[in-house]
Amino acid sequence: MKSELKPLDYPPLTEDLEEAKIHLDKFGVCIIKNAFSTEEVEIMDKRLKEQFAGEEKHGVGSKVRGDEGFGVQSSNEEKVSRLVWNLINKGDCFIPLINHPKIYPLIEHIIGEKAILCSMGAHMNGSGNERMPLHQDQWPLVPHPMEFPFMANVMYLISDNSPENGGTRLIPGSHKWPLLDYKTANSEEVQKMAVSLRAPKGTAIVWEGRVWHGNGLNRSGSIRSNISTAFLQPWVKPQEYHQYSIRDEVKEAMVSAAQSLSLIHI
């Protein structure tokens, strides 16, 4: 089985949507240059830090070490990574991540024109973290694996990503692998195939739901932040229940903006 598992190199960064679609078909991954400006990224970074500080103050902050998926128990002091969920409610600066003109056409390319928002949350990997298991995003959302993509994910880089700070690790080409169990996918041989991406903040990584991936080991001394914005075909239940949880004023603002552009993907 493992002899059939051939990783590919990362595709080059691009700003051309047609080239990006070709990359998605071949690699299962594309990397979009300059999705956001430095100023826009700084605004999102500041808002994330403020939000997490507020959640910690009120005892609702979410922290992990990273290896909980392996069944490892860790102390609160060891939980150096932060998770901030439901960003749709937590700052106007996050709303453009949903219908981004450089990104949403790629989501449609992967899963079709009828897509719903699955979740939008920040992964703030702290220095001294541990690796999570390699996983496919779409497998846990249905009872068994599917041989077609019904989920697509976007990782917006709020920090520069590199092997040194535990940049997101993906295995390009793994969307075309035979079906794997999680034990095989997390063997030492396969783990070595997942290499941290090196790309500047403001970049967006788009991948389809069958690509094997995970976080990296951050040993930089600083937090590395990315924002995951995931989409599904509408027959799958999303991770975040936006019809219930979205604040009225956020929904009204989004609907008004979407109607003015003839774009409603809520």
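Note that the coordinates shown come from a computational prediction; the quantities given were computed from them, not determined experimentally.

With that settled, consider the packing of aromatic side chains. Under the counting rule described, the total for this entry stands at 8 aromatic pairs. An angle of 65 degrees between the planes, with centres 6.1 Å apart, marks the rings of Phe148 and Phe150 as edge-to-face. Judged by relative accessible area, which is 36%, Phe148 ranks as partly exposed. Overall, the relative accessible area of 0% leaves Phe150 in the buried class.

A complete count under the given rule lists 0 disulfides for this structure. Of all cysteine sulfurs in the structure, the one in Cys118 sits closest to Cys30, which takes part in no disulfide; the separation is 18 Å. A residue is classified by how much of its surface remains accessible, and Cys30, at 0% relative accessible area, is buried. By relative accessible area, which is 0% here, Cys118 ends up buried.

Buried residues of helix 1 (residues 17-27): Ala20, His23, Leu24 and Phe27, and no others. One face of helix 1 carries all of its buried residues, which in axial projection span an arc of 100 degrees. Away from the buried face of helix 1 by more than 90 degrees, exposed residues Glu18 and Ile22 are located. Looking at the packing, one finds that the buried side of helix 1 touches strand 1 (29-32), helix 3 (104-111) and strand 8 (204-208). Near the N-terminus of helix 1, the side chain that reaches the backbone nitrogen of Glu18, with its oxygen 3.0 Å away, is that of Asp16. Looking one or two residues beyond helix 1, the residue adopting positive phi is Gly28, at roughly 75 degrees.

A separate point is the sheet that holds strand 2 (residues 62-64). What the 7 strands build is an open sheet, ordered 1-8-5-10-4-3-2; its pairing is antiparallel. For this open sheet the edge positions go to strand 1 and strand 2, each flanked by a neighbour on one side alone. Pairs of neighbouring strands in the sheet enclose a mean axial angle of 20 degrees, with direction left out of account. With 9 bridges connecting them, strand 4 (residues 116-125) and strand 10 (residues 224-232) associate as antiparallel partners. Within strand 10, the residue paired with Gly121 across the bridge is Ser228. Lying over the sheet, helix 1 contacts strand 1 and strand 8, oriented at roughly 150 degrees with respect to strand 1. Across the sheet, helix 3 is in contact with strand 1, strand 5 (151-157), strand 8 and strand 10; its angle to strand 5 comes to roughly 155 degrees.

Here we take up the packing of helix 1 against helix 3. At a minimum axis distance of 10 Å, the contact between helix 1 and helix 3 shows a crossing angle of 35 degrees. Crossing hand, helix 1 versus helix 3: right-handed. In this structure, helix 1 contributes Leu17, Ala20, Lys21, Leu24 and Asp25 to the contact, and helix 3 contributes Pro105, Leu106, His109 and Ile110. Tallied by class, residues from the contact of helix 1 with helix 3 come to 6 nonpolar, 1 polar and 2 charged.

An order of 7-6-9 is seen for the 3 strands of this open sheet, with the pairing classed as antiparallel. On the outer flanks of this sheet lie strand 7 (195-196) and strand 9 (213-214), each paired with one strand and no other.

Rules used in this analysis
Residues numbered from 1 in each chain as written. Predicted model: local features only at pLDDT ≥ 70, side-chain atom pairs only at ≥ 80, totals over all residues. Heavy atoms only, no water. Phe/Tyr/Trp six-rings, centres within 6.5 Å; stacked < 30°, edge-to-face > 60°. Buried < 20%, exposed > 50% of the residue type's maximum accessible area, 1.4 Å probe, protein only. Disulfide = S-S within 2.5 Å. Helix = DSSP H or I, 4+ residues; strand = E, 2+ residues; numbered from the N terminus. Arc of directions from axis to C-beta. Contact = heavy atoms within 4.5 Å. Polar contact = N/O pair within 3.5 Å; in protein donor to acceptor, adjacent residues only side chain to side chain. Pairing = 2+ DSSP bridges. Axes fitted to C-alpha atoms, helices over the stretch in contact; angles between N-to-C directions. Left-handed = near helix turned anticlockwise from the far one by under 90°. Nonpolar A, V, L, I, M, F, W, Y, C, P; charged D, E, K, R; others polar.

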